[in-house]
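What the coordinates show
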Amino acid sequence: MKLITHNMLTSKAIKNVKEGFPLRIQADEVRNVDIEFDREFISRMIPKLDWNALIFAAQCVGHQEDLPETLPEGYDNDDELLKKLHHILLEVEVINGCLECPETHRKFPISNGIPNMLLNEDEV
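Just so we're clear, the structure is a prediction, and the values are computed from it rather than from any experiment. (Residues numbered from 1 in each chain as written. Predicted model: local features only at pLDDT ≥ 70, side-chain atom pairs only at ≥ 80, totals over all residues. Heavy atoms only, no water.)

Checked against the element boundaries, histidine 63 lands in the loop between helix H3 (51-60) and helix H4 (79-91). Ignoring any residue separated from it by four or fewer positions in sequence, one finds histidine 63 in contact with Val30, Asn32, Ala58, His87, Ile88 and Val92. (Helix = DSSP H or I, 4+ residues; strand = E, 2+ residues; numbered from the N terminus. Contact = heavy atoms within 4.5 Å.)

Structure (structure tokens):
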């Protein structure tokens, strides 16, 4: 699971969960995969991200890599920052582990890079 995917996942569908975001990552196996840097893609994705959730996810997997606490103005002209974000969002992959709901502490397994967010009948 790439961290760009994590930024869009929530456990809000669980009964009595108000927000369910961000999910805590408990990574048993993390892999770095080389992907060609696409400056335009990263620049266009950044405004769609929840910055605090990205920082949290990067901390969970040990890849905060000097990211600023807040997204700086003019980030789209900062190649160094864009390359760091490219690495964290697209090249860091959680292979095995779990995601944990911040409200219910329900754990969702990640297996072979795929998070299983299916709920049981009694959770809906």
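Turning our attention to the pattern of salt bridges. A full pass over the atoms with the stated rule returns six salt bridges. The partner of glutamate 29 in a salt bridge is arginine 31, and the shortest N-O contact between them spans 3.5 Å. A relative accessible area of 31% places glutamate 29 in the partly exposed class. With a relative accessible area of 42%, arginine 31 lands in the partly exposed category. Between glutamate 123 and arginine 106 there is a salt bridge, and its shortest N-O distance comes to 2.6 Å. With a gap of 17 residues between them, glutamate 123 in the segment after strand S4 (114-115) and arginine 106 in the loop between strand S2 (92-100) and strand S3 (107-111) connect regions that are remote in the sequence. The class of glutamate 123 is buried, set by a relative accessible area of 14%. (Salt bridge = Lys/Arg side-chain N within 4 Å of Asp/Glu carboxyl O. Buried < 20%, exposed > 50% of the residue type's maximum accessible area, 1.4 Å probe, protein only.)

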